[in-house]
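Chain residues, written in single-letter form:
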Amino acid sequence: MVIKSLKMLGIIFGTILILFLVFVTLFVNFSPEFGGKPSAQQKEVFMQTGHYEKGVFVNQIQTSIDMSFKKMLGVLGDFIKGNPNGSPKFEIPVQHIDSLELVHSIPKTELVWFGHSAFLLQIDGKNILIDPMFGDTPAPHPFLGKGRYSSSLPISIEKLPQIDA
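Everything in this summary refers to the structure shown in the same document. (Residues numbered from 1 in each chain as written. Predicted model: local features only at pLDDT ≥ 70, side-chain atom pairs only at ≥ 80, totals over all residues. Heavy atoms only, no water.)

A short note on the pairing of strand β5 (residues 126-130)
Here comes step 1: The alternating pattern of β5 places N127 and L129 on a buried face and K126, I128 and I130 on a face that is not buried.
Here comes step 2: Two strands pair when backbone bridges link them, and strand β4 (residues 118-123) and β5 are joined in this way by 5 bridges, in the antiparallel orientation. Paired with L121 across the two strands is I128, which belongs to β5.
Here comes step 3: Between β4 and β5, which pair antiparallel in sequence order, lie 2 residues; one of them, D124, sits at a positive phi of approximately 50°. (Buried < 20%, exposed > 50% of the residue type's maximum accessible area, 1.4 Å probe, protein only. Helix = DSSP H or I, 4+ residues; strand = E, 2+ residues; numbered from the N terminus. Pairing = 2+ DSSP bridges.)

So this is what it looks like as structure tokens:
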């Protein structure tokens, strides 16, 4: 009787695990937030950068993204149980920017932080938007993250200057 119950429990657990893996695979492959395959034209542009080799981008400096199993378990634990130091205890104040300042300013180098990892870099008269995560949840999908630490952005998206890159 016990063996039969354990076998049934194993089948249920295995089925749930397989369904979860299928769901994650489908989610990552079909969610537009995770990108897609570059076109032949895009690949041609990529090859011109000098940082694209054998179908992948190569960092200019040696960069290690290797994490030990122990570190991964710690990160997973913090993700599941929550990290008390993982978010500020107060709302991050936002300094609002007049859109005309960005458009009509003399050519200088400025960096505007939108929170998370989103920046507007103005350099040599060009506007470069870096990692534009402007949604209420700064993550590839709302299910994959928490809300912003601030209630607003420094400038509304509609009032951004013409973006060059």
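Some remarks on the side chain of N127
Here comes step 1: Assignment of secondary structure puts N127 in strand β5.
Here comes step 2: By relative accessible area, N127 is classed as buried at 9%.
Here comes step 3: At a separation of 2.7 Å, a polar atom in the side chain of N127 contacts the side chain of Q122.
Here comes step 4: If we ignore the near neighbours within four places in the chain, the residues touching N127 are L120, L121, Q122, P161, Q162, I163, D164 and A165. (Polar contact = N/O pair within 3.5 Å; in protein donor to acceptor, adjacent residues only side chain to side chain. Contact = heavy atoms within 4.5 Å.)

A look at the layout of surface pockets
Here comes step 1: Estimated volume of the largest pocket: approximately 820 Å³.
Here comes step 2: Lining the largest pocket are 29 residues, with H116, P138, G147, R148 and Y149 positioned closest to its centre.
Here comes step 3: The leading source of residues in the lining of the largest pocket is strand β3 (residues 110-115), at 4 residues. (1 Å grid on protein atoms, 1.4 Å probe; cavity = no way out; pocket = protein on both sides within 12 Å on 5 of 7 lines; lining within 4 Å. Points joined across faces, edges and corners; volume = space filled by probe spheres on them.)

Notes on the sheet that holds β5
Pairing between the strands of a sheet comes from backbone hydrogen bonds, and it takes one of two forms, parallel or antiparallel.
Here comes step 1: Read across the sheet, 3 strands follow the order β3-β4-β5 without closing on themselves; strand pairing throughout is antiparallel. Only two strands of the sheet have a single partner each, and these edge strands are β3 and β5. In this sheet, neighbouring strand axes are inclined to one another by 15° on average, regardless of whether the strands run parallel or antiparallel.
Here comes step 2: Two strands pair when backbone bridges link them, and β3 and β4 are joined in this way by 5 bridges, in the antiparallel orientation. Bridge pairing in β4 places V112 opposite L120. (Axes fitted to C-alpha atoms, helices over the stretch in contact; angles between N-to-C directions.)

Details of the nonpolar core
Here comes step 1: Ranked by size, the top nonpolar core spans 10 residues in total: L102, V112, F114, A118, L120, L129, F134, L153, I155 and L160.
Here comes step 2: Mapped by element, the contributors of at least two residues to this core are β3 and β4.
Here comes step 3: Among residues more than four places away in sequence, those in contact with L102 are I97, E110, V112, L120, Q122, I155 and P161. (Core = buried A, V, L, I, M, F, W, Y, C linked by side-chain atoms within 4.5 Å.)

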